[in-house]
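Reading the structure
Listed below, chain by chain, are the residues.
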Amino acid sequence: MLKPDAQFKRITDISIEFLQKHNIEGLILDLDNTLIDYDGNLLDGVKEWIKKVKDAQIKIAIATNSINTEKVEGYAKTLGLVFVHKSFKPIKRGVKKAAKKLNLPPNRIAEIGDQLFTDVWVAKRMNMFSILTEPISTDRFKIDIIKRRLEKWVLSR
Ligand SMILES: [Mg+2]
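Values in this document were obtained by computation on a predicted structure and should not be read as measured data.

The rules behind each value
- Residues numbered from 1 in each chain as written.
- Predicted model: local features only at pLDDT ≥ 70, side-chain atom pairs only at ≥ 80, totals over all residues.
- Helix = DSSP H or I, 4+ residues; strand = E, 2+ residues; numbered from the N terminus.
- Rg over C-alpha atoms; globule rule 2.2 N^0.38 Å.
- Buried ≥ 20, exposed ≤ 12 C-beta atoms within 10 Å, placed from the backbone.
- Contact = placed C-beta atoms within 7 Å.
- Pairing = 2+ DSSP bridges.
- Axes fitted to C-alpha atoms, helices over the stretch in contact; angles between N-to-C directions.
- Core = buried A, V, L, I, M, F, W, Y, C linked by C-beta atoms within 7 Å.

1. Side note on the overall build of the protein chain
Looking only at helices and strands, one finds six helices and six strands in the protein chain. Relative to the globule expectation of 15 Å for 157 residues, the C-alpha radius of gyration of the protein chain, 17 Å, shows essentially globular dimensions. Summarising its shape, the C-alpha atoms of the protein chain cover approximately 60 × 35 × 30 Å along the three principal directions. The buried share of the protein chain, reckoned over its 157 residues, is 34%. In the protein chain, the proportion of contacts linking residues at least 24 apart, taken out of those at least 6 apart, comes to 62%.

Encoded structure:
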């Protein structure tokens, strides 16, 4: 049920050829930990990747569960993408809205994100192609935990 159709480390690892091979004409992208990291930094190379995708006539929208209008609008503008925020994935409504913006049927759309229970699940429910990426900030979280433990240990001495 929750098995993604494909998995990549970073969204920028997904090639145009791969998308075309699967008859994908539009992408619906998650924002947090897919396009930007924990601190809000854009993933390296993401602007160039988006340009390549657009040049291949593949349309792109953002669908995020974020409720921060200003933040989402800012990134959408920077990346030149249409967006839906407050998507409440895995509920279908927001992603449906994004699909409408792309003006494509679900079977021509890939939903891409870092979470099984939001991104992959909503894709399954919508009958879209699902691509799971690794959360950008996982490494960073792990480092933070190690750092914090180390700090605690040092402070305890
Ligand atoms: Mg995410």
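Picking up after the structure, the text goes on.
2. Quick notes on the sheet that holds strand β4 (residues 82–84)
What the six strands build is an open sheet, ordered β1-β6-β5-β2-β3-β4; its pairing is parallel. Since the sheet does not close on itself, it has two edges, and those belong to β1 (6–8) and β4, each with one partner. Direction aside, the axes of adjacent strands within the sheet are offset by 25 degrees on average. Bridge count for strand β5 (residues 109–113) against strand β6 (residues 129–133) is four bridges, and the pairing is parallel. Paired with Glu-111 across the bridge in β6 is Ser-130. Its contacts with the sheet place helix α4 (residues 93–102) against β2 (26–29), β3 (59–63), β4 and β5, and it is angled at close to 155 degrees to β3. Contacting β5 and β6, helix α5 (residues 116–126) runs over the sheet at an angle of about 165 degrees to β6.

3. Focus: the nonpolar core
A general feature of soluble globular proteins is that nonpolar side chains tend to end up buried together. Counting residues in hydrophobic clusters, the biggest one holds 35 residues, and the most contacted among them are Leu-27, Ile-28, Ala-61 and Ala-110. Counting residues per element, the ones that place at least two in this core are β2, α2 (46–55), β3, β4, α4, β5, α5 and β6. With five residues, the single largest contributor to this core is α5. When residues no more than four places from it in sequence are discounted, the contact partners of Ile-28 are Ala-61, Ala-63, Val-95, Ala-98, Ala-99, Ile-109 and Glu-111.

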